[in-house]
Amino acid sequence: MSAAPNIPAPDIRRLTYADLPQVIAIERRAFPTPWSLAMFVLELSKPSGICLAARRYGRLTGYLVCSRYDTVWHIMNVAVAPEERRTGVATALLTELLERVGDPAARYTLEVRQSNAGAIRLYERFGFRGAGTRRRYYQDNGEDALIMWRTPATLNGSLDDVPPYGPAHPVTPTP
Ligand SMILES: CC(C)(COP(=O)(O)OP(=O)(O)OC[C@H]1O[C@@H](n2cnc3c(N)ncnc32)[C@H](O)[C@@H]1OP(=O)(O)O)[C@@H](O)C(=O)NCCC(=O)NCCS
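Remember, it's a predicted structure, so these values are computed and weren't measured experimentally.

1. Brief notes about the overall build of the protein
In terms of regular secondary structure, the protein is built from five helices and seven strands. If you list the helices and strands of the protein from N to C, you get β-α-α-β-β-β-α-β-α-β-β-α. Against the 2.2 N^0.38 benchmark of 16 Å for 175 residues, the protein shows a C-alpha radius of gyration of 15 Å, consistent with a compact globule. When burial is assessed residue by residue, the protein has 31% of its 175 residues classed as buried.

2. A few points about the environment of L93
Among the secondary structure elements, L93 is positioned in helix 3 (residues 89-101). Of the residues examined, L93 has 25 C-beta atoms within 10 Å and is grouped as buried. A C-alpha to C-alpha distance of 8.8 Å links L93 and P10, two positions 83 residues apart in sequence. With sequence-adjacent residues up to four places away left out, L93 is seen in contact with I12, L52, A54, G62, L64 and V78.

3. Structural notes on the sheet that holds strand 4 (residues 72-80)
Strand order across the open sheet formed by seven strands is 1-2-3-4-5-7-6, with mixed pairing between neighbours. Here the strands that pair on one side only, and so sit at the sheet edges, are strand 1 (11-14) and strand 6 (129-134). Ignoring which end each strand starts from, the neighbouring axes of this sheet average 25° apart. Sheet topology note: the strand 3 (residues 59-69)/strand 4 ladder contains eight bridges and is antiparallel. Paired with C66 across the strands is I75, a residue of strand 4. Of the strands in this sheet, strand 5 (107-113) and strand 7 (145-150) are in contact with helix 4 (residues 117-125), which crosses strand 5 at around 165°.

4. Observations concerning unusual backbone geometry
Of note, D70 is a non-glycine position whose phi angle comes to about 55°, a positive value. Of note, the phi angle at R86 is positive, near 60°, even though the residue is not glycine. Following the sequence through the fold, R86 ends up in the loop between strand 4 and helix 3.

5. Some points on the environment of I7
Within the secondary structure layout, I7 lies in the segment before strand 1. Distance in space between the C-alpha atoms of I7 and R56 is 9.1 Å, their sequence separation being 49 residues.

6. A word on the nonpolar core
With 37 residues, the main nonpolar core has L52, Y63, L64 and L93 as its most contacted residues. Elements that contribute at least two residues to this core include exactly strand 2 (50-56), strand 3, strand 4, helix 3, strand 5 and strand 7. When residues no more than four places from it in sequence are discounted, the contact partners of L52 are I12, R14, L15, Y63, L64, L93, E96 and L97.

7. Side note on the pairing of strand 4
In terms of burial, strand 4 is a largely internal element, eight of the nine residues being buried. Between the antiparallel neighbours strand 3 and strand 4 lie two residues, among them D70 with a positive phi of about 55°. By the bridge criterion, three bridges tie strand 4 to strand 5 in an arrangement that is parallel. Within strand 5, the position partnered with V72 by the bridge is R107.

What counts and how
- Residues numbered from 1 in each chain as written.
- Predicted model: local features only at pLDDT ≥ 70, side-chain atom pairs only at ≥ 80, totals over all residues.
- Helix = DSSP H or I, 4+ residues; strand = E, 2+ residues; numbered from the N terminus.
- Rg over C-alpha atoms; globule rule 2.2 N^0.38 Å.
- Buried ≥ 20, exposed ≤ 12 C-beta atoms within 10 Å, placed from the backbone.
- Contact = placed C-beta atoms within 7 Å.
- Pairing = 2+ DSSP bridges.
- Axes fitted to C-alpha atoms, helices over the stretch in contact; angles between N-to-C directions.
- Core = buried A, V, L, I, M, F, W, Y, C linked by C-beta atoms within 7 Å.

See below:
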């Protein structure tokens, strides 16, 4: 995918509490309404979640937070340091998530700002498809969220196994 020449693939490992100061620094540059430290601590404390850190030359370049609710994996947060974008960091994080879940029947969902064309393109490359909107989901500007799913059906071009009303769990807005 976005393998820029001469730039090594990032090293992907589990995200830990020790990474959080660097995570917060990226988070504040990535989103208009960044998550608080407490929100990351809460996500890291969930035993069924998968939280990943990407590093290049030992430095944190991006992270991904994913929670499991019942049978659905919910991608809660993905961000890459601005100067490291378009070099395959988010691709490496998502690839590792799919590998760690390791279940071809798994279903994944996320919300993304409708204006975030780059992120939507990234998710589409992984087989996510838009399946509805959440009206005025983002409180800072009242923007709608596009709900995306990646399921066995979306990988085959349909939405047949996507729930009609979105994920049935309390949702923390993706920032
Ligand atoms: C969205 C984001 C996570 C992408 O991270 P990234 O590491 O730059 O993504 P990758 O390099 O793996 O990109 C893979 C592909 O996704 C698509 N893509 C990613 N960013 C894009 C952009 N800004 N514009 C258009 N396409 C984009 C491209 O198809 C890209 O492949 P290419 O570079 O070969 O064209 C990053 O831009 C970011 O942190 N944005 C701010 C936070 C955010 O919006 N997070 C998502 C919230 S739901």
